[in-house]
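Observations on the three-dimensional arrangement
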Amino acid sequence: MFKRYSFDITSVVQAVNVIELHFQSPVLYAAQQSRAHSSYPVPPDCPPSVQKGECHVNFIRKEQSSFSWDWGPSFPTQGIWKDVRLEAYNICHLNDFTFSPIYDNHAQEWNLEIESFFDVVSSKPVSGQVIVEIPKLQTQQTYSIELQPGERIVELFVKINKNITVETWWPHGHGSQTGYNMTIHFNLDKGLKFKKSAKVYFRTVELIEEPIQGSPGLSFYFKINGFPIFLKGSNWIPADSFQDRVTSDVLWLLLQSVVDANMNTLRVWGGGIYEQDEFYELCDELGIMVWQDFMFACALYPTDESFMDSVSAEVAYQVGRLKSHPSIITWSGNNENEAALMMNWYNIDVSHLDIYIKDYVRLYVENIRKIVLAVDKTRPFITSSPTNGLKSIREGWLSPNPYDTNFGDVHFYDYVSDCWDWKTFPKARFISEYGYQSWPSFSTLEKVSTEEDWSYKSRFSLHRQHHENGNNEMLLQAELHFKLPQSTDPLRAFKDTIYLTQVMQAQCVKTETEFYRRSRSEIVNRQGHTMGALYWQLNDIWQAPSWASLEYGGKWKMLHYFARHFFAPLLPVGFENQGVFFVYGVSDFHLDCTVILTVRVHSWSSLKPLCSHVTKHFVIKAGEAVRLYQEPVSQLLRCGNCTRQSCVVSFYLSTDSKLLSSTNYHFLSSLKEAVGLHKARITAIISQQEDAFVFDLETSAVAPFVWLDVGSIPGRFSDNGFLMTEKKRTILFYPWKLTSKSELEQSLHVTSLTDIY
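Within any chain, residue numbers begin from 1 and follow the written order of that chain's sequence. Whole-chain, interface and lining totals are the exception, using all residues; otherwise, since this is a predicted model, local features are given only for residues with pLDDT of at least 70 and side-chain atom pairs are given and counted only at 80 or more. Side-chain metrics rest on all non-hydrogen atoms present in the structure, leaving aside hydrogens and water.

The chain appears in an unreviewed UniProt entry as Beta-mannosidase from Pteropus vampyrus. The UniProt entry for the chain carries the following comment under Subunit (unreviewed entry): "Monomer." UniProt positions are given in the numbering used here, feature names are shortened, and annotations may be inferred rather than shown by experiment. You can read under Subcellular location (unreviewed entry) in the UniProt record for the chain the words "Lysosome".

As structure tokens, this is what we get:
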């Protein structure tokens with residue numbers, strides 16, 4: 001599944017030909033390979049029973065999650081999943097071509113290394129000229145080449161015209177994604193011509209691991225074009241169990257939703273697939289940085305000769321195919337396998353540990369890493385995720401505790417502790433996985449279910465939940481701060497529960513992400529300097545409960561709307577510590593900015609703010625998080641005779657005349673204890689405005705978590721899941737397909753928190 005095959009059929013081809021393909025069940029093949037590996041077991045044998053999957057997936061080079069995962073079904077497909085073609089030539093053929101832009105620090109100029117792979121079948125050498133043209137950079141260079149018979153690589157070194165300013169590629173939110181059209185003409189003997197066109201992007205990437213003042217360990221962050229960038233985003237899984245369904249439209253919708261939510265990074269997770277070319281082309285165009293895992297996940301793997309040979313071919317092919325993309329900023333050897341081995345997930349006898357450590361180093365270091373460094377010198381390689389980076393390397397590539405918060409990246413999950421308490425979360429250097437589950441909306445589930453399925457405890461609900469105790473965990477977390485739905489109507493109760501799981505997920509991930517973002521500039525108790533937050537997970541592979549913020553089909557969950565805010569380039573973050581309320585200002589900008597902070601106190605029972613506090617002007621330095629405000633909660637509550645239960649705080653950043661951030665809020669108590677909340681009657685008047693629709697909302701009372709749902713009409717709102725503290729609010733709807741005002745009016749359903757009680 002992960003490499004391209006090429007066969008020379010010259011000796012067998014006839015006037016009439018038949019190609020016959022014989023397929024073996026991948027499940028049976030994997031089991032056979034496991035049995036054949038009789039010297040010692042390579043765990044895990046099978047997935048947990050809750051995943052309803054197939055066994056021994058680590059013995060087949062195929063999408064690991066296709067044998068099931070904790071968010072997806074078991075569909076181990078078989079067949080040829082990419083194009084098949086016949087190529088005929090009698091002199092030579094250009095099989096492949098790839099390139100790497102490289103910045104020469106000493107000469108302060110850009111160069112381009114181009115590799116072209118030829119198969120020369122003529123018995124005599126083939127000579128000619130190569131012309132490389134990049135018109136916008138006023139670069140044109142001509143080379144003479146001579147190709148000897150056999151498989152040949154032509155390496156060209158192109159110096160970019162030093163007198164022309166080269167615009168670099170920047171991640172989304174940090175600059176433009178400028179690319180340059182390049183054409184290469186091969187004019188060879190006997191009138192043989194080849195022409196290749198490609199887009200060239202120029203950017204540098206560095207992974208910085210260095211000592212930090214006041215903290216043990218090392219930093220772990222990325223610099224793009226010399227500028228430190230906080231990686232904001234999520235983790236990408238395969239978009240469908242059947243990849244031929246992943247069309248250009250599907251990819252565009254999902255990746256556009258990434259940048260629409262102010263993200264700049266996706267981690268292509270190591271249990272899926274190396275994505276199709278178009279995925280990386282779109283990431284290049286949209287400015288989405290890609291942390292690219294190799295396809296090894298949550299397992300140990302065999303290292304016999306045939307397996308290693310297959311992996312070598314896979315890695316060389318994939319790195320060669322993908323290395324020209326500026327969006328890919330790092331290669332990572334695997335997902336969680338350092339942790340699996342060193343935290344002994346598979347209960348390996350300590351006396352046998354040496355065998356598995358040797359296998360790990362043989363596979364990821366002596367094989368994969370060696371090939372990556374030989375084929376691509378333009379970006380870093382990380383052995384695993386999570387890993388302790390340089391510390392893991394010093395400790396023989398495996399750290400006793402790969403979750404050390406003072407090094408590398410961390411994966412963190414905790415469904416039991418209170419997610420509103422930021423002290424639960426690790427003050428780590430980089431968090432590449434974290435998250436909470438929720439259910440997708442009813443309109444998404446309805447397409448694959450019938451009436452008997454529409455209950456939280458139905459066979460359908462249990463069948464689609466592939467994470468142990470997942471359905472209960474969602475309710476237990478929700479119950480910490482909300483009353484559970486109380487309707488006696490089973491369908492209503494199901495819909496309300498879906499809504500509440502989305503509220504819980506959105507609020508949990510918001511609290512956690514805001515903690516990571518405000519930790520970027522400070523060291524507290526010798527910990528901090530957090531420079532990345534990639535929540536688990538972006539997308540869904542089917543209609544089921546999962547950690548995703550985009551449902552199968554692309555509909556935004558409440559979490560994705562929240563992500564638009566908590567990943568905004570300028571963000572005010574509020575939190576409490578020991579009875580004191582703080583607000584930090586977080587900036588991703590490349591320039592300092594001057595802001596005013598406005599803090600308001602609202603009563604749950606009134607649409608008019610009780611009081612408002614406006615600060616002096618503050619300067620938030622480029623790429624920093626700074627404290628803007630602190631006040632004891634007891635002082636805040638003096639406004640309007642508030643109690644923690646009767647009031648809520650909101651805050652935003654502005655200049656004298658212009659709003660700079662969206663309004664954020666801080667709950668002073670659990671909402672199940674809120675006093676004065678009335679059932680809000682929310683009306684909407686819909687009108688059309690060019691390609692969008694305007695929803696003019698009016699509420700009779702303060703309404704938390706206002707959720708606008710237009711069922712199966714594809715599109716997204718400008719905001720959703722919001723706290724409505726003012727009488728009127730205007731929201732836009734951007735349709736993804738043609739729709740009408742009347743369709744929207746018929747489909748619209750508005751829910752806020754008090755509606756589920």
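1. Considerations on helix H10 (residues 470-479)
Most of H10 sits out of view: 7 of its 10 residues are buried. Exposure is judged per residue with a 1.4 Å probe applied to protein chains only, and the accessible area is read against the type maximum: over 50% gives exposed, under 20% gives buried, and values in between give partly exposed. Secondary structure is summarised from DSSP: a helix means a run of H or I of at least four residues, a strand means a run of E of at least two, and numbering begins at the N terminus for each. Looking only at H10, the buried set comprises Gly470, Asn471, Glu473, Met474, Leu475, Gln477 and Ala478. Contacts are residue-level and defined by heavy atoms, with any inter-residue pair within 4.5 Å sufficient. In the core, the buried residues of H10 are packed alongside helix H9 (459-464) and helix H11 (490-518).

2. Here we look at a nonpolar patch on the surface
A surface patch of nonpolar side chains, about 1,200 Å² in accessible area, is lined by Tyr5, Phe7, Ile9, Val12, Val13, Ile19, Leu21, Phe23, Ile80, Val84 and Leu86. Looking at the element boundaries, Ile19 is found in the segment before helix H1 (26-36). Look at Ile19 and you get exposed, because its relative accessible area is 65%. To count toward a patch, a residue needs a relative accessible area above 30% and no salt bridge. Like charges then connect within 9 Å, nonpolar side chains (Val, Leu, Ile, Met, Phe, Trp, Tyr) within 5 Å. Values of accessible area rely on a 1.4 Å probe in the Shrake-Rupley scheme; residue burial ignores everything except the protein chains shown. Whenever a carboxyl oxygen of Asp or Glu lies within 4 Å of a side-chain nitrogen of Lys or Arg, that contact is scored as a salt bridge.

3. Examining the environment of Lys495
Within the secondary structure, Lys495 sits in helix H11. With 235 residues separating them along the chain, Lys495 and Thr730 place their C-alpha atoms 25 Å apart.

4. What about unusual backbone geometry?
A cis geometry characterises the amide bond from Pro43 onward to Pro44, with omega recorded as 0°. Along the chain, the position of Pro44 falls in the loop between H1 and strand E1 (67-69). Residues other than glycine seldom take positive phi values, yet Asn262 does so here, at roughly 65°. Residue position: Asn262 is located in the loop between helix H2 (248-260) and strand E14 (265-268). Unusually for a residue other than glycine, Glu690 sits at a positive phi of about 55°.

5. With respect to the domain arrangement of the chain
Interfaces are often sized by the accessible area lost when the parts come together. Domain extents, as shown, originate in an automatic or database domain assignment. Taken as a whole, the chain is organised into domain 1 (92-201), domain 2 (230-567), domain 3 (570-673) and domain 4 (682-751). Computed from C-alpha atoms alone, the centre-to-centre distance between domain 1 and domain 3 is 53 Å.

6. Description of the pairing of strand E24 (residues 580-587)
Here E24 lies mainly inside the structure; 8 of its 8 residues are buried. Going residue by residue along E24, you find Val580, Phe582, Tyr584 and Val586 tucked away on one face and Phe581, Val583, Gly585 and Ser587 tucked away on the opposite face as well. Any two strands with at least two DSSP bridges between them are considered paired. As paired strands, strand E23 (residues 570-577) and E24 are joined by 8 bridges and run antiparallel to one another. Residue pairing for E24: Phe575 is matched across the bridge by Phe582. Counted along the chain from E23 to the antiparallel partner E24, the turn is 2 residues long, and its residue Gln578 has a positive phi close to 50°. Direction of pairing for E24 relative to strand E28 (residues 625-632): antiparallel, over a ladder of 7 bridges. Pairing of Val580 across the sheet is with Pro632, part of E28.

7. Quick notes on the UniProt feature "domain: Beta-mannosidase-like galactose-binding" (unreviewed entry) in the chain
Following the UniProt record, the feature "domain: Beta-mannosidase-like galactose-binding" (unreviewed entry) maps to residues 1-82 here. Within residues 1-82, the helical portion is 13% and the strand portion 7%, while the C-alpha atoms at the span's ends are 9 Å from each other.

8. As for helix H12 (residues 558-566)
For H12, the buried fraction is high: 7 of the 9 residues fall into the buried class. Of the positions making up H12, those classed as buried are Met558, Leu559, His560, Tyr561, Phe562, Ala563 and Phe566.

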